[in-house]
Amino acid sequence: MDFLTLTLIILATQFMNLCHGAGIATYWGQHGGEGTLAAACATGNYQYINIAFLNVFGNGRIPQLNLSSHCNTSIHGSCRWIGDDVVACQKKGIQVLLSLGGGVGTYSLSSTNDAQEVANYLWDNFLGGGTSNSRPFGNAILDGIDFHIKLGLSKNYDTLAKSLSSRSSTHQTVYLSAAPHCPFPDTYLSKAIKAGVFDYIWVQFFNNPSCQYDTGNSTNLVHFWDKWSTANAGLIFLGLPAGVDAATSGGYVPVDVVVTEVLPEIMEGPKFGGVMVWSRYYDEKTGYGAAIKGGLDGGDGGGHVSSIGIAIILN
Ligand SMILES: *[C@@H]1O[C@H](CO)[C@@H](O)[C@H](O)[C@H]1NC(C)=O
Ligand SMILES: *[C@@H]1O[C@H](CO)[C@@H](O)[C@H](O)[C@H]1NC(C)=O
Ligand SMILES: *[C@@H]1O[C@H](CO)[C@@H](O)[C@H](O)[C@H]1NC(C)=O
C-alpha cells in the first residue's frame, strides 16, 4: 500500500468517525409487539438504540429489567437472546445502550456509595466487567448506559455517571447518554449533566407543553433547543414521538414540518447529533424515522461529510 492510499484511508476513516455523530436514536424494549432488537437494527434506520428499561435499582434493591413481554430475567436465560441481537447490531456499527429508569419503576440512589455499587453492578452485568453466568444478556458488552430518570430522587446520579465514565479505557469506551425533559435545566439530570461526562443527550420535546412543538408553531421548541445546546455534552438530539399516539401530552411534529422547518433551524450547531424517536414500537408502525432520515443529511457531522471521504477514495 503506498503512502497516498494509506493517507486517504486514514482521512476517510476520520471522516467516517465524524459522521457517526448525525443519526437517529430510539428506544427498544417497552412493547412486546415491536419485533426483535436485531430486526430494529436491520432496518438501517438507527445509529443508537437504548434498551429500556432497568427500572428497579439503588438503595440496596436487587436491580431488575422490565422489557415488557420480550423476556423476564426471573426465568433464567430468558433474556440471553438479546445479547446475540446486541452483537448483531454492533456489527452494523450501531451503538446499544442500557437505559436506566423510565416512567414506571422503583429507583433512587441513596448515597454516593450506593451510586458506586450500582456502577459496579452495571459494569459487571452489562459492560466490560464480569463474566458471570448471571449476566442477563450473556457476554454481550453494551456500548454504554442511558440515564432516563423520571422518578424518585435526583441525587447521586452525578456520582454514578462519573463512576461509569471513569471505566472507559483505550480498550473500551463506556458511552453515556441522558434523556431529560425539555424544560431547562432538567429536575433529575441537571447535576449529572453538569459533570460533563455525557456523550449524548436526547432531549424529550414531547409530553412537555411548555417547550414542545405546538400545532404550527415551533417557537418554544427552538427556544429550548438553544438552551439545551449550551449543555456540557458531546452531541444533542431532538427527541420526538414517532407518531401522534406515542406521546400522551403532545409534541408530535409532522414529517414535512420536521424536515422543512425544524431541522433547518437547529441542525447547523456543532453539537447537533440528530433525532431520537420514541419509540421503536411506534416507529415501526409509522415509518417516522425512515421518513425524516433524509432531512438529517447536511447537518454538522452529517452525510455530506462522509461523501467527501468516499469521494477521496474513489478518486
Ligand atoms: C413494566 O413496564 C410496564 C410499562 O412500561 C408496566 O406497565 C408494567 O407494570 C411493568 N412491569 C413490572 C413488573 O414492573
Ligand atoms: C417476571 O416474572 C415474575 C414471576 O412471574 C413476576 O413477578 C415479575 O413481575 C415479572 N417481571 C416483569 C418485568 O414482567
Ligand atoms: C408561537 O408561540 C409563541 C410562544 O408561545 C408565541 O409567542 C407566538 O405568538 C406564537 N406564534 C404564532 C404565529 O402563533
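Analysis parameters
- Residues numbered from 1 in each chain as written.
- Chains lettered and ligands numbered in written order.
- Predicted model: local features only at pLDDT ≥ 70, side-chain atom pairs only at ≥ 80, totals over all residues.
- Heavy atoms only, no water.
- Helix = DSSP H or I, 4+ residues; strand = E, 2+ residues; numbered from the N terminus.
- Buried < 20%, exposed > 50% of the residue type's maximum accessible area, 1.4 Å probe, protein only.
- Contact = heavy atoms within 4.5 Å.
- Disulfide = S-S within 2.5 Å.
- Pairing = 2+ DSSP bridges.

Concerning the overall build of the chain
Secondary structure summary: the chain contains 11 helices and 10 strands in total. Within the chain, buried positions represent 50% of all 315 residues. Of the contacts made within the chain by residues no fewer than 6 positions apart, 74% connect residues no fewer than 24 positions apart.

Here we look at the state of the cysteines
In total, this model carries 3 disulfides according to the counting rule given. Between the sulfur atoms of Cys71 and its disulfide partner Cys79 the distance amounts to 2.0 Å. When the S-S torsion is 100°, as for the bridge of Cys71 with Cys79, the disulfide is right-handed. Here Cys71 and Cys79 have matching classes, each one buried. Two residues, Cys182 and Cys211, share a disulfide whose sulfurs are 2.0 Å apart. One disulfide, between Cys182 and Cys211, carries an S-S torsion of 80° and so falls in the right-handed class. Here the residue Cys182 occupies a position in the loop between strand S7 (175-178) and helix H6 (190-194), and Cys211 occupies one in the loop between strand S8 (198-204) and helix H7 (219-228), the gap between them amounting to 29 residues.

Some remarks on the pairing of strand S1 (residues 23-28)
A large share of S1 lies buried, amounting to 6 of its 6 residues. Bridge analysis of S1 against strand S10 (residues 272-278) gives 4 bridges, and the strand direction is parallel. Bridging across to S10, Thr26 finds its partner in Val277. Bridge analysis of S1 against strand S2 (residues 48-57) gives 4 bridges, and the strand direction is parallel.

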